[in-house]
Amino acid sequence: MAKFLAKLLGCTLPSKGASPMFESTSHSRVGLKASTKQKTTIFSTLANEKSLSDCKKEQQWKPSMYSSITPICFASPLLEKPVGKESMPQTPPFSAMFDSSGYNRNLYQSAEDSCGGLYYHDNNLLSGSLEALIQHLVPNVDYYPDRTYIFTFLLSSRLFMHPYELMAKVCHLCVEHQRLSDPNSDKNQIRKIAPKILQLLTEWTETFPYDFRDERMMRNLKDLAHRIASGEETYRKNVQQMIQCLIRKLAALSQYEEVLAKISSTSTDRLTVLKTKPQSIQRDIITVCSDPYTLAQQLTHIELERLNYIGPEEFVQAFVQKDPLDNDKSCYSERKKTRNLEAYVEWFNRLSYLVATEICMPVKKKHRARMIEYFIDVARECFNIGNFNSLMAIISGMNMSPVSRLKKTWAKVKTAKFDVLEHQMDPSSNFYNYRTALRGAAQRSLTAHSSREKIVIPFFSLLIKDIYFLNEGCANRLPNGHVNFEKFWELAKQVSEFMTWKQVECPFERDRKILQHLLTVPVFSEDALYLASYESEGPENHIEKDRWKSLRSSLLGRV
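Since the model is a prediction, treat every value here as computed from it, not as a measurement.

**Focus on the overall build of the protein chain**
At step 1: The secondary structure content of the protein chain amounts to 28 helices and four strands.
At step 2: Each of the 559 residues in the protein chain was classed as buried or not, and the buried ones make up 56%.
At step 3: Taking the contacts inside the protein chain whose residues are at least 6 apart along the sequence as the reference set, 76% of them involve residues at least 24 apart.
At step 4: In the structure as shown, the protein chain presents an accessible area of about 24,800 Å², 49% of it carried by carbon and sulfur atoms.

**Thoughts on the side chain of Glu358**
At step 1: Relative to the assigned elements, Glu358 resides in helix α17 (residues 339-360).
At step 2: Only 3.4 Å separates the side chain of Glu358 from the side chain of His517, close enough to count as a polar contact.

**Concerning helix α9 (residues 163-177)**
At step 1: When the terminal C-alpha atoms of α9 are compared, their 21 Å separation across 15 residues agrees well with the 21 Å that a helix rising 1.5 Å per residue should span.
At step 2: Among all positions in α9, only Pro163, Leu166, Met167, Val170, Cys171, Leu173, Cys174 and Val175 are buried.

**Observations concerning the pairing of strand β2 (residues 118-121)**
At step 1: Along β2, the buried face is formed by Leu118 and Tyr120; none of Tyr119 and His121, which line the opposite face, is buried.
At step 2: Relative to strand β3 (residues 124-128), β2 runs antiparallel, the two sharing four bridges. In the sheet register, Leu118 faces β3, and the bridge partner there is Gly128.

**Examining helix α22 (residues 416-424)**
At step 1: Here α22 has its buried residues at Phe418, Leu421 and Glu422. Along α22, the residues classed as buried sweep out an arc of 100 degrees about the axis, all on the same side.

**Digging into the environment of Ser290**
At step 1: Mapped onto the elements of the fold, Ser290 is located in the loop between α14 (285-288) and α15 (292-308).
At step 2: Considered as a pair, Ser290 and Tyr374 are 84 residues apart in the sequence and their alpha carbons are 8.6 Å apart.

Cut-offs and rules
Residues numbered from 1 in each chain as written. Predicted model: local features only at pLDDT ≥ 70, side-chain atom pairs only at ≥ 80, totals over all residues. Heavy atoms only, no water. Helix = DSSP H or I, 4+ residues; strand = E, 2+ residues; numbered from the N terminus. Buried < 20%, exposed > 50% of the residue type's maximum accessible area, 1.4 Å probe, protein only. Contact = heavy atoms within 4.5 Å. Areas by Shrake-Rupley, 256 points an atom, 1.4 Å probe, with all protein chains shown as cover. Polar contact = N/O pair within 3.5 Å; in protein donor to acceptor, adjacent residues only side chain to side chain. Expected span 1.5 Å × (residues − 1). Pairing = 2+ DSSP bridges. Arc of directions from axis to C-beta.

So, in structure tokens, the structure goes:
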């Protein structure tokens, strides 16, 4: 996990196998090539932006971390102070969850600035004790929490306690406070509270289904659901439907993980295959798919499928640290469940290495130039689709040193289109050009008239970095021990936008042959890429000559 985070955050790592997005480029050409020359360049050029003003004043603020992040703008305020009673709301879609139109202002009951361990300022919930926030999550006859609060608290609470511990507390509050275990309790009151408890459980299982891979979670869920459903046929059907839906999601996840494991176990270094079966990999990507637009569509299929399996909690669990008020150190190792997030980052790296491999493989210079121009066209189509992650992976692959050093090859390439793409992904001013394009794609998605216009696939590593610095830039707890809920509100707003994007279904027709090639064809390692590059265009200095000899000796067994 430490090496994974180091790659994402641009830390210096051993060069072999390093993520190409942080590849040191000694033969920079233009734009991004210059920016990748130093691993710290991305963040040394970020613009200073405004941050949470109250957090700066009241918490342990780290300006050097968070001031470089451009916050995403949202229309809704923080959670407002309770002002009245209202029946259980309908669940809005994620696209409306943090928009003012989807935010219910009249679900609460307090009128003071501080009530029951919760602190409000200007009608916004800013902080509270952990116990008070848990109480605030649990519905009663006259109250149901807004979905914005449910999502925010379920997302952030895992920084302080295990999900199964939270579920146990919720079950206890529901059973004891609502007297669900009392056979003499008022049946009418149970009929009023049961749908609300069931709705809360449904919210949890639909939004954070991976929490229920823990047997303790599933046991508590079934126990509470059984209490709700006893004696009421309607509730029994709803409970059965909720659990069946959850089981289907978990089964799909297990199947997806098996596929990833199979792909990983069969992956082979291309040089090894080339030495043993030279005819087996003679087909290049253009032979498999000659149309750049079609390849961009198939890349989008892979991107959306892998995005879909990333749980929102993985963004928090990737950076979870010890809660200073929690003495149990052993439990934290279990929280770093970020397998799907890591698999997505690995896909980015694979695509970058695949691009570099396809460019360095051809023996003839004109074929290498043709391959570069092909990938430039693919990258442009990815940009038009809204697939910024594949776009950046392709640019990253073409900026790897073994490719960028091929000066004679690049001299034959018409680079005008590539220069435009590099300008769009220029890291200067906190990736201003990219963020502008991303906002445009997000706006297009909101007003889309077709499924193709709904696609927004962000440059994922930058999204992770934004969330990381938001997490690091402000304390989880205030000096009085309260949970800093204002921080987690901002975190939830960023993650919820991602949740909207990942739910888009890919509108393009699947091509199994192309997908198979993209996912399984062997690619060169970094050393093999350098060797292929030197074989194509000879070393230019003594350092390169020495490395070339060393690689020929170690990889090919000859000098």
